[in-house]
Amino acid sequence: MDTRITVVVPVFNEAGNVEMLYGRIGEVFANLTGYDYQVLFVDDGSTDESRSVIKAMADAGAQVSCIELSRNFGKEAALSAGIANADGEAVVLMDADLQHPPALIPALIQEWEKGADVVIGVRKRNPDEGAFRKLSSRTFSYLMRVMSDVPSVSGATDYRLLDRRVVDEFKRFTEHGRMTRGLIDWLGFHRAYVSFDADKRHTGTARYGYRKLIALGFSALVSHSKIPLRVAAYLGIPITIFAGSLGLFIIIEQLLLGDPLAVDVSPIGMIAVMILFLNGLVLICLGLTSFYIEKIHQDTVNRPLFVVKRERA
């Protein structure tokens, strides 16, 4: 039997794109021997004719199925719904706007055949991406690499192929406010990368505005990095050391030795140093509290304690 590939496509008001996207995916698989495929559209509460177009394709005998969400839950939830319902030996995730070129699918499959469990599409160029958005994307990628325990590559996208084992492990996640690609990266497994230039969006406008992107980026940093929780402690320690050393110097130099260096710190200055020292202590206490919050956060998100890549006799 042919190896089955499920292509998961989240859809929100993409009536002008889904039919063309399916056609291009079909052309790709028509030239691939040994593979069967199904395109699983996840209708994320569309208000246009997207659902009708998908249903018409399915009724006409196309290799199409659709999950219709009760309302718009967002792209990350739609991707998760698609992954949870995909039954292929491998799952390809891609956007519906045709910026993820279907012609790249054979390259993703080729890396999978070589042994990669996750094959990630890395975008090198995007004609619809402005300078500010490009800078924001690179900044976020840098912060994720520096601040989190999740390895990432600049330009990595949601366009990727997942082996069945990765899909089954991903389905164990129960946390909300997720970034799908971040959780996939957290799982580990053997990864490979395929570069591509994004095509121009076929019709419509981008659904992710700056507000949503910023919210998603902040949520990802909070979910995958302990540094935001520990900032208070990191700030409190040097402040306390500096203020404590300064206060000790003032006590010895001015009060005990009679100010031989003629520093002449006023009473208000002494109070300021004392306040600075106390503020440092408060920040350290907040930092200690954050460590307990971190432990609660780790248990609340309910990620698996470990992930088995394969079992050996």
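Residues numbered from 1 in each chain as written. Predicted model: local features only at pLDDT ≥ 70, side-chain atom pairs only at ≥ 80, totals over all residues. Heavy atoms only, no water.

Another point: the packing of aromatic side chains. To describe a pair of aromatic rings, one takes the distance between the centres and the angle between the planes. For the coordinates displayed, the defined rule picks out 5 aromatic pairs. Each ring, one from Tyr 22 and one from Tyr 37, has its centre 6.5 Å from the other, and the planes form 35°; the classification is tilted. One end of the pair, Tyr 22, is in helix 1 (residues 18–30); the other, Tyr 37, is in strand 2 (residues 35–43), with 15 residues separating them in the sequence. Across the pair, exposure class does not vary: Tyr 22 and Tyr 37 are buried alike. Relative to Phe 196, the ring of Tyr 159 has its centre 5.7 Å away and its plane inclined at 80°; by these criteria the two rings are edge-to-face. On the criterion of sequence distance, the pair formed by Tyr 159 in strand 6 (residues 156–163) and Phe 196 in strand 7 (residues 191–197) is long-range, its members being 37 residues apart. Here the aromatic cluster, defined as three or more aromatic residues joined through ring pairs, consists of Tyr 22, Phe 29 and Tyr 37. Over the face of the ring belonging to Phe 73 we find Arg 71, whose NZ or CZ atom lies 3.9 Å from the ring centre. (Phe/Tyr/Trp six-rings, centres within 6.5 Å; stacked < 30°, edge-to-face > 60°. Helix = DSSP H or I, 4+ residues; strand = E, 2+ residues; numbered from the N terminus. Buried < 20%, exposed > 50% of the residue type's maximum accessible area, 1.4 Å probe, protein only. Lys NZ or Arg CZ within 6 Å of the ring centre and 35° of its normal.)

With that out of the way, let us pick up a nonpolar patch on the surface. A contiguous nonpolar patch, built from Phe 242, Leu 246, Phe 249, Leu 261, Val 263 and Leu 276 and spanning about 520 Å² of accessible area, is present on the exposed surface. When residues in the nonpolar patch are grouped by element, the largest group, 3 residues, is from helix 9 (residues 227–256). Among the secondary structure elements, Leu 246 is positioned in helix 9. (Patch = residues over 30% accessible without salt bridge, like charges linked within 9 Å, V, L, I, M, F, W, Y side chains within 5 Å. Areas by Shrake-Rupley, 256 points an atom, 1.4 Å probe, with all protein chains shown as cover. Salt bridge = Lys/Arg side-chain N within 4 Å of Asp/Glu carboxyl O.)

With 37 residues, the main nonpolar core has Val 9, Phe 29, Phe 41 and Ile 109 as its most contacted residues. Going through the elements one at a time, strand 1 (3–11), helix 1, strand 2, helix 2 (50–59), strand 4 (90–93), helix 4 (105–113), strand 6 and strand 7 are the ones with two or more residues in this core. Non-local contacts of Ile 109, meaning those with residues more than four positions away in its chain, are made with Ile 5, Phe 29, Leu 32, Tyr 35 and Leu 161. If you look at the next biggest cluster of nonpolar residues, it comprises 24 residues, including Val 8, Leu 93, Ile 120 and Val 166. (Core = buried A, V, L, I, M, F, W, Y, C linked by side-chain atoms within 4.5 Å. Contact = heavy atoms within 4.5 Å.)

Relative to the elements of secondary structure, Thr 240 occurs in helix 9. Here Thr 240 falls in the buried class, since its relative accessible area comes to 11%. Within the structure, the side chain of Thr 240 is placed 3.2 Å from the backbone oxygen of Gly 280, a separation counted as a polar contact. If we ignore the near neighbours within four places in the chain, the residues touching Thr 240 are Phe 277, Gly 280, Leu 281 and Ile 284. (Polar contact = N/O pair within 3.5 Å; in protein donor to acceptor, adjacent residues only side chain to side chain.)

With that settled, the discussion passes to the pattern of salt bridges. Scanning the entire structure with this criterion turns up 14 salt bridges. A salt bridge links Lys 75 to Asp 158, with the nearest nitrogen and oxygen atoms 2.9 Å apart. Of this pair, Lys 75 sits in helix 3 (residues 75–85) while Asp 158 sits in strand 6, and the two are 83 residues apart along the sequence.

Pairing is mixed across the open sheet formed by 7 strands, whose spatial order is 3-2-1-4-6-5-7. Either end of the sheet is taken by a strand with one partner, and the two such strands are strand 3 (64–68) and strand 7. Averaged over all adjacent pairs, the angle separating strand axes in this sheet is 25°, with direction ignored. In terms of strand pairing, strand 1 meets strand 4 through 4 bridges, oriented parallel. Residue pairing in the sheet places Val 8 in a bridge with Leu 93 of strand 4. Across the face of the sheet, helix 4 comes into contact with strand 1, strand 2, strand 4, strand 5 (118–125), strand 6 and strand 7 while running at roughly 50° to strand 6. (Pairing = 2+ DSSP bridges. Axes fitted to C-alpha atoms, helices over the stretch in contact; angles between N-to-C directions.)

Here we take up the confidence of the model for the protein chain. Chain-level statistics for the protein chain give a pLDDT mean of 79 and a share of 76% at 70 or above. When the elements of the protein chain are averaged for pLDDT, helix 8 (residues 210–224) gives the smallest value, 61, and strand 4 the largest, 94. (pLDDT = per-residue confidence, 0-100.)

Here strand 6 lies mainly inside the structure; 8 of its 8 residues are buried. Two elements, strand 4 and strand 6, share 4 bridges in a ladder whose sense is antiparallel. In the sheet register, Leu 93 faces strand 6, and the bridge partner there is Arg 160. Where strand 5 and strand 6 come together, 4 bridges link them in antiparallel fashion. Bridge assignment links Val 119 to a residue of strand 6, and that residue is Leu 161.

Attention now moves to helix 4. Residues separated by three or four positions in an α-helix point in the same direction, a consequence of the helix having 3.6 residues per turn. Three or more residues of helix 4 are buried, namely Ile 105, Leu 108, Ile 109 and Trp 112. For helix 4, the angular spread of buried residues about the axis comes to 95°, placing them on one side. Gly 115 sits one or two positions beyond helix 4 and adopts a positive phi of about 120°. (Arc of directions from axis to C-beta.)

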